[in-house]
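Fold and contact review
If you want the building blocks of each chain, they are given just below.
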Amino acid sequence: MENVVELSVADAGELLTLQRAAYVTEAQAHDDLRLPPLRQTVDELSDELGDPSVRAFGLRDSRARLTAAVRMVFSPSEPETVEVGRLIVAPDLQGGGRGSRLLQLVEDRLPPGVTRLLLFTGERSDANLRLYIRFGYRETHRTATSAGYRMVHLVKQVE
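A brief look at the structure comes next. Bear in mind the structure is a predicted one, so any value in this text is a computation, not a measurement. (Residues numbered from 1 in each chain as written. Predicted model: local features only at pLDDT ≥ 70, side-chain atom pairs only at ≥ 80, totals over all residues. Heavy atoms only, no water.)

Looking now at helix H1 (residues 12-30). An ideal rise of 1.5 Å per residue puts 27 Å on 19 residues; H1 measures up with 26 Å between its terminal C-alpha atoms. The principal kink in H1, of about 30 degrees, is found at Tyr 23. Those residues of H1 lying buried are Ala 12, Leu 15, Leu 16, Leu 18, Gln 19, Ala 22, Tyr 23, Glu 26, Ala 27 and His 30. (Helix = DSSP H or I, 4+ residues; strand = E, 2+ residues; numbered from the N terminus. Expected span 1.5 Å × (residues − 1). Bend = angle between axes of the 7 residues up to and from the residue. Buried < 20%, exposed > 50% of the residue type's maximum accessible area, 1.4 Å probe, protein only.)

Following this line, the structure appears as C-alpha cells:
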C-alpha cells in the first residue's frame, strides 16, 4: 500500500515531472499539446504549492516514488466549495485504483462546512469521466476551448 503524503514546495520538481508524464495521454486524446499542465513551470508550481489556499496530496510507493497526486483549491469567497484539480497518476500505473483512492482522500480530508466539490476534464477523457461519475459527480456544463474540444465541468454535493 502506498503512503499518503502532503506535498509542499520542496516536491515541486518531482510533482511537475509526474504531471507532465500523466498529461501526455490527455494531450494526445485532445490533439492539444498546449494543455496548461504541460506548460506549467517549476516556479509556477512552487508558487501554487506555497499558496495557503492550495493543499496537495500524493501517493508514494515503497521506494518513495511519487506515483499519484491531487490538489484541492479553497476559495475564501466560497468556503463551502473546493475545486479538485490536477488529479494525476503515473502512466504506467493508471487503471490500478489510485485515482479512486485520491478522490476518496479528498473527501476524507475536507474541512467542516465544505458541501460542494468541483472539477473539470476534457470531453475526450473517457476514463476520467467514468471515474468521476462513479464517485457521484454530475455534469453541470461544457465550455469550448481554443483547440476545438470542450471541457466538461462536474459537481458533487457532499455532506
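Our next topic: the pattern of salt bridges. Between side chains of opposite charge, pairing is possible as soon as their charged atoms come close. For the coordinates displayed, the defined rule picks out 13 salt bridges. For the salt bridge of Asp 11 with Arg 60, the shortest nitrogen-to-oxygen distance reads 3.1 Å. Of this pair, Asp 11 sits in the loop between strand S1 (3-7) and H1 while Arg 60 sits in strand S2 (residues 54-60), and the two are 49 residues apart along the sequence. Salt bridges linked by common partners bring Glu 123, Glu 139, Arg 142 and Arg 150 together as one network. (Salt bridge = Lys/Arg side-chain N within 4 Å of Asp/Glu carboxyl O.)

For Lys 156, the location among the structural elements is in strand S7 (residues 150-157). Overall, Lys 156 belongs to the buried group, its relative accessible area being 13%. Within polar-contact distance, the side chain of Lys 156 engages the side chain of Glu 107 at 2.5 Å. Sequence-distant contacts of Lys 156, that is, excluding residues within four places in its chain, are made with Glu 107, Thr 115, Arg 116, Leu 117, Phe 135, Gly 136 and Tyr 137. (Polar contact = N/O pair within 3.5 Å; in protein donor to acceptor, adjacent residues only side chain to side chain. Contact = heavy atoms within 4.5 Å.)

Bringing a negative patch on the surface into the picture now. A cluster of like negative charges, contributed by Asp 43, Glu 44, Asp 47 and Asp 51, occupies part of the molecular surface. With respect to the helices and strands, the residue Glu 44 is situated in helix H3 (residues 42-50). (Patch = residues over 30% accessible without salt bridge, like charges linked within 9 Å, V, L, I, M, F, W, Y side chains within 5 Å. Areas by Shrake-Rupley, 256 points an atom, 1.4 Å probe, with all protein chains shown as cover. Lys, Arg positive; Asp, Glu negative; His and termini not counted. Charge placed at Lys NZ, Arg CZ, Asp CG, Glu CD.)

This brings us to the nonpolar core. Val 84, Leu 103, Leu 110, Leu 117, Tyr 132 and Tyr 137 are the most contacted members of the largest nonpolar core, which has 25 residues in total. Looking at this core, the elements with two or more residues in it are S2, strand S3 (66-75), strand S4 (78-89), helix H4 (98-108), strand S5 (116-122), helix H5 (126-134) and S7. Counting residues in each nonpolar core, the second largest holds 19 residues, with Leu 7, Ala 12, Leu 66 and Tyr 149 among its members. (Core = buried A, V, L, I, M, F, W, Y, C linked by side-chain atoms within 4.5 Å.)

Among the secondary structure elements, Glu 83 is positioned in strand S4. The class of Glu 83 is partly exposed, set by a relative accessible area of 34%. Linking Glu 83 and Leu 103, residues 20 residues apart in sequence, is a C-alpha distance of 12 Å. Each residue touching Glu 83, except ones within four places of it in the same chain, is listed here: Arg 71, Met 72, Val 73, Leu 118 and Phe 120.

This part covers the sheet that holds S7. One open sheet accounts for seven strands, arranged S1-S2-S3-S4-S5-S7-S6; its pairing is mixed. The open sheet terminates on both sides in strands that have one partner only, identified here as S1 and strand S6 (138-144). Each strand axis lies, on average, 25 degrees off the axis of its neighbour in the sheet, ignoring direction. In terms of strand pairing, S2 meets S3 through seven bridges, oriented antiparallel. Following the sheet pairing, Ala 56 is matched in S3 by Arg 71. (Pairing = 2+ DSSP bridges. Axes fitted to C-alpha atoms, helices over the stretch in contact; angles between N-to-C directions.)

All right, on to the packing of H4 against H5 then. Two packed helices can be described by the angle between their axes and the distance between those axes. Remark: H4 packs on H5, axes separated minimally by 11 Å, with the N-to-C direction vectors making an angle of 40 degrees. Between H4 and H5, the interaxial angle falls into the category oblique. Helix-helix and strand crossings are classified by hand; for H4 and H5 the assignment is right-handed. On the side of H4, the interface is formed by Gly 99, Ser 100 and Leu 103, while H5 contributes Leu 131, Tyr 132 and Arg 134. Partitioning the contact of H4 with H5 into residue classes produces three nonpolar, two polar and one charged. (Parallel < 35°, antiparallel > 145°, perpendicular 65-115°, else oblique. Left-handed = near helix turned anticlockwise from the far one by under 90°. Nonpolar A, V, L, I, M, F, W, Y, C, P; charged D, E, K, R; others polar.)

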